[in-house]
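Chain residues, written in single-letter form:
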Amino acid sequence: MMDATIQITPASAADIPALCALLDLLFSQEADFRSDREAQSRGLARIIGSPEVGLIMVARQGRHLVGMVNLLYTVSTALGARVALLEDMVVAPGARGSGVGSRLLEQAIQCARLNGCRRITLLTDRANEPAQRFYQRHGFGFSAMIPLRLSLGE
């Protein structure tokens, strides 16, 4: 049963340190990423300060952040419309299984629709089958496309 004190709200710049802590949790589970607080802070500040770039929603329990999801916007030439990339989603271990993740994802989907998005794409680690099942329960399906990546930085 979910605690009724959980509130889903847009993130603010004051949330950045707590968001970085949540990203530390997420990146500790992902094979392709490592924590870099300075880079994370820059990226989060850019999203929070630029609504045209995307949005970050947080789950608050009192003064504590217990989860986050962020969407980044782009345009699909195939659809001729705005689409979103679900870049990060994480729920603190103590709040998992309580419905917080479902509420965050539902809010992100609603915000994407309200912002004119016609599709949301996301990536999960191949080995993270629980996450894949979670997203499938919310209507996401596997794509015939596969991700390829070229690092242009360090």
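The sections below set out a description of the structure shown in this document.

Parameters and conventions
Residues numbered from 1 in each chain as written. Predicted model: local features only at pLDDT ≥ 70, side-chain atom pairs only at ≥ 80, totals over all residues. Heavy atoms only, no water. Salt bridge = Lys/Arg side-chain N within 4 Å of Asp/Glu carboxyl O. Helix = DSSP H or I, 4+ residues; strand = E, 2+ residues; numbered from the N terminus. Buried < 20%, exposed > 50% of the residue type's maximum accessible area, 1.4 Å probe, protein only. Core = buried A, V, L, I, M, F, W, Y, C linked by side-chain atoms within 4.5 Å. Contact = heavy atoms within 4.5 Å.

1. Considerations on the pattern of salt bridges
Within the structure shown, the criterion is met by three salt bridges. A salt bridge links D15 to R60, with the shortest nitrogen-to-oxygen separation between them at 2.6 Å. Here D15 is found in the loop between strand 1 (6-10) and helix 1 (16-29), whereas its partner R60 is found in strand 2 (residues 54-61), with 45 residues between them in sequence. You can call D15 buried: its relative accessible area is 9%.

2. Let's talk about the nonpolar core
L86, L104 and Y135 are the most contacted members of the largest nonpolar core, which has 28 residues in total. Listing elements by their share of this core, those giving two or more residues are strand 1, strand 2, strand 3 (64-76), strand 4 (81-91), helix 3 (100-114), strand 5 (120-122) and helix 4 (129-137). Considering each element in turn, this core owes the most residues, seven residues, to helix 3. If we ignore the near neighbours within four places in the chain, the residues touching L104 are I8, M57, V58, A59, G67, M68, V69, M89, V90 and V91. Membership of the second largest hydrophobic core comes to 16 residues, among which are L19, C20, L26 and I56.

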